[in-house]
Amino acid sequence: MKKYFISTLALLLSFNVNAWTLGTSNGFKFNSSKVNFKIAGNDCSHAGLTSSAIETLSNDSNTTYWGTAPTTSLELSSGGVQSSINTSADDLTAAALKGSDNTIVVGCSSNATLFSSASTLAVGGIACNSGICQGAVLLNDTASTSLATLSREKLIATFAHELGHALGLGHSSAISSLMYYSASGKVFTSLSQDDIDGISYLYPSEKKLGGLAGACGTIDTGSNSKNNFIGSLLVGFALIIAIGKLFNNRKQNQNT
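Reference entry: report on the structure contained in this document. Treat the numbers as computed from the prediction; the structure is a model and nothing was measured. (Residues numbered from 1 in each chain as written. Predicted model: local features only at pLDDT ≥ 70, side-chain atom pairs only at ≥ 80, totals over all residues. Heavy atoms only, no water.)

### Let's talk about the state of the cysteines
Test applied: Defined by distance alone, a disulfide is two cysteine sulfur atoms within 2.5 Å. Counting from the N terminus, the helices are DSSP H or I runs at least four residues long and the strands are E runs at least two residues long. To sort residues, take the accessible area from a 1.4 Å probe on protein chains only and compare it with the maximum for the residue type: under 20% means buried, over 50% means exposed, and anything in between is partly exposed.
The full count for this structure, using the stated rule, is two disulfides. Note that Cys44 is cross-linked by a disulfide to Cys108, the S-S spacing being 1.8 Å. Handedness here is read from the sign of the S-S torsion; for Cys44 and Cys108, about -105°, the answer is left-handed. Taken together, the residues Cys44 in the loop between β1 (34-40) and α2 (51-64) and Cys108 in strand β3 (residues 103-109) connect sequence positions 64 residues apart. For the pair Cys44 and Cys108, one class covers both residues: buried. Residue pairing for Cys128: its cysteine sulfur links by disulfide to Cys133, the two sulfurs lying 2.1 Å apart. Measuring handedness by torsion sign, the sulfur bridge of Cys128 and Cys133 sits at about 115° and is right-handed. A residue is classified by how much of its surface remains accessible, and Cys133, at 2% relative accessible area, is buried. In the protein chain, the cysteines engaged in disulfides, taken in order along the sequence, are linked 1-2, 3-4.

### Regarding the pairing of β3
Put simply, the rule reads: Pairing between strands requires that DSSP locate at least two bridges from one strand to the other.
Of all seven residues in β3, seven are buried; the element is thus mostly enclosed. Relative to β3, β1 runs parallel, the two sharing four bridges. Considered in β3, the bridge of Lys38 is made with Val105.

### Here's the deal with the pattern of salt bridges
To keep it simple, the criterion reads: Should a side-chain nitrogen of Lys or Arg be within 4 Å of a carboxyl oxygen of Asp or Glu, the pair is scored as a salt bridge.
Going through the model one piece at a time under the given rule, you end up with two salt bridges. Its salt-bridge partner being Arg152, residue Asp60 comes within 2.8 Å of it at the nearest N-O pair. Of the two residues, Asp60 is situated in helix α2 and Arg152 in helix α4 (residues 152-167); the sequence distance between them amounts to 92 residues. Residue classification places Asp60 among the partly exposed positions, given a relative accessible area of 24%. Here Lys98 ties to Asp90 by a salt bridge, and the two come within 2.9 Å at their closest N and O atoms.

### Focus on the pairing of strand β5 (residues 132-140)
The buried count for β5 comes to eight of nine residues, which makes it a mostly enclosed element. Direction of pairing for β3 relative to β5: parallel, over a ladder of seven bridges. Across the sheet, the residue bridging to Cys108 is Leu139, located in β5. Summarising the sheet, strand β4 (residues 122-129) and β5 pair through eight bridges and their orientation is antiparallel. From the neighbouring strand, Ala122 faces β5, where its bridge partner is Leu139. Where β4 folds back onto β5 in an antiparallel hairpin, the turn is made up of two residues, including Ser130, whose phi is positive at roughly 55°.

### A word on α2
Applicable threshold: Helix span is expected to be 1.5 Å times the residue number reduced by one. This arc is taken over the directions from the axis of the helix to the C-beta atoms.
Between its first and last C-alpha atoms α2 spans 20 Å; for 14 residues at 1.5 Å apiece the expected length is 20 Å, and the two agree. Within the span of α2, buried status applies to Ser51, Ile54, Leu57, Ser58, Ser61 and Asn62. Down the axis of α2, the sector holding all buried residues measures 130°, keeping them to one side.

### Let's talk about the nonpolar core
Inclusion rule: Take the buried residues of types Ala, Val, Leu, Ile, Met, Phe, Trp, Tyr and Cys, join any two whose side-chain atoms come within 4.5 Å, and each joined set is a nonpolar core. Note on contacts: a residue pair is in contact if any heavy atoms of the two residues lie within 4.5 Å.
Tyr65, Trp66, Ile104, Leu139 and Leu167 are the most contacted members of the largest nonpolar core, which totals 43 residues. Those elements giving two or more residues to this core turn out to be β1, α2, β3, β4, β5, α4 and α5 (193-202). Not counting chain neighbours up to four residues away, the residues in contact with Tyr65 comprise Ile156, Ala157, Ala160, Leu178, Phe188, Thr189, Ser190 and Leu191. Of all hydrophobic cores here, the second largest spans nine residues; its members include Ala40, Phe115, Ala136 and Leu138.

These values are about where atoms sit, not about what they do.
Dropping the structure here:
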């Protein structure tokens, strides 16, 4: 019995508990997995980034992070530079509306309401209305911004985190995740499995049988991790009991 208990316990401990969350209660995501960046034609004078550099940053964030997920059909590509946003007045929604369907507008912002703290390096989000979905990522270009002091790796990771929000993901409670709610002091070099599970849930790979890739995870709205863990425990204990009974029945048959 001891041998079976240990092996079953190992199986139990290997169960995944989703830490990723959806960015909105509606579960907004783009209707197509082919999403374009539209770079606003504004330079970040305080952050030291030109519109061309921001386009490169967008592409690097994709190739380093979201474009590496093997179980998603997501395809991000640059749509070039478009008309300017109002850097001092536009919030995320207003900036997103400057783009078209299935587009993420990327630009600089000196909006004091969005960036009331220098610790807020960037913001990202998505909104959908009448079947049209638009996203935005805005970089802090206020006088107190610290973007210019970041290493290239940290800058790419910061942008990729906000890009995750623009694609429909919320924060993760997994400290190893790019979408972890606090990136302070951390430099990520790749997606974690939790990030991959989250983005694959939203944009599952069409190559998987039945189109079910990434769709088997429980949607975690931030308060469900504990419930998922308890559920996994109950399933695990049920397996332990079932295997124990099977073992006892075999032992009784051998004795008779």
